[in-house]
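Fold and geometry: a report
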Amino acid sequence: MQHLGIVRGITVRSRSILGSMAGGIQTIFGGRISIYVTLCEKTREEAFQHMVQHAEEMGANAVINMRYDANEVMNGVTEVLAYGTAVRVEKKQ
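Figured I'd write up the structure that's included with this text. (Residues numbered from 1 in each chain as written. Predicted model: local features only at pLDDT ≥ 70, side-chain atom pairs only at ≥ 80, totals over all residues. Heavy atoms only, no water.)

1. Points about a nonpolar patch on the surface
A contiguous nonpolar patch, built from Ile10, Val12, Val73 and Met74 and spanning about 380 Å² of accessible area, is present on the exposed surface. Secondary-structure elements contributing two or more residues to the nonpolar patch are strand S1 (2-14) and strand S2 (62-74). Met74 sits in the exposed class, given a relative accessible area of 54%. (Patch = residues over 30% accessible without salt bridge, like charges linked within 9 Å, V, L, I, M, F, W, Y side chains within 5 Å. Areas by Shrake-Rupley, 256 points an atom, 1.4 Å probe, with all protein chains shown as cover. Salt bridge = Lys/Arg side-chain N within 4 Å of Asp/Glu carboxyl O. Helix = DSSP H or I, 4+ residues; strand = E, 2+ residues; numbered from the N terminus. Buried < 20%, exposed > 50% of the residue type's maximum accessible area, 1.4 Å probe, protein only.)

In structure tokens, the structure reads:
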């Protein structure tokens, strides 16, 4: 296995006004807030895909020790970072 270095993918998203209103209504009734689950899933997937692209550009065919991190940049605006170690692995003969 050849270590190629750290790779990352970052995206920054905000909630729409309609999404915030729908999420607010869902919180009144409790339980799973599906509109936010969908937003979070899409945001993580976007950050993940950016990380994979970065790894491929470095010549990697795998990423190990992958993690997510998220920070609120400002009210209603969130940064999601996907990061890990890019490696090149080969099938053992």
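2. Thoughts on the sheet that holds S1
Read from one edge to the other, the open sheet built from 3 strands follows the order S1-S3-S2, with strand pairing classed as antiparallel. At either end of the open sheet lies a strand with only one pairing partner, and these are S1 and S2. The sheet shows a mean angle of 15 degrees between the axes of neighbouring strands, taken without regard to direction. Bridge analysis of S2 against strand S3 (residues 77-88) gives 10 bridges, and the strand direction is antiparallel. Paired with Tyr68 across the two strands is Ala82, which belongs to S3. Contacting S1, S2 and S3, helix H2 (residues 34-57) runs over the sheet at an angle of about 145 degrees to S1. (Pairing = 2+ DSSP bridges. Axes fitted to C-alpha atoms, helices over the stretch in contact; angles between N-to-C directions. Contact = heavy atoms within 4.5 Å.)

3. Observations concerning H2
Between its first and last C-alpha atoms H2 spans 35 Å; for 24 residues at 1.5 Å apiece the expected length is 34 Å, and the two agree. Among all positions of H2, only Thr43, Ala47, Met51, His54 and Ala55 are buried. Contacts from the buried residues of H2 go to S1, S2 and S3. Gly59, located one to two residues past H2, shows a positive phi value of around 90 degrees. (Expected span 1.5 Å × (residues − 1).)

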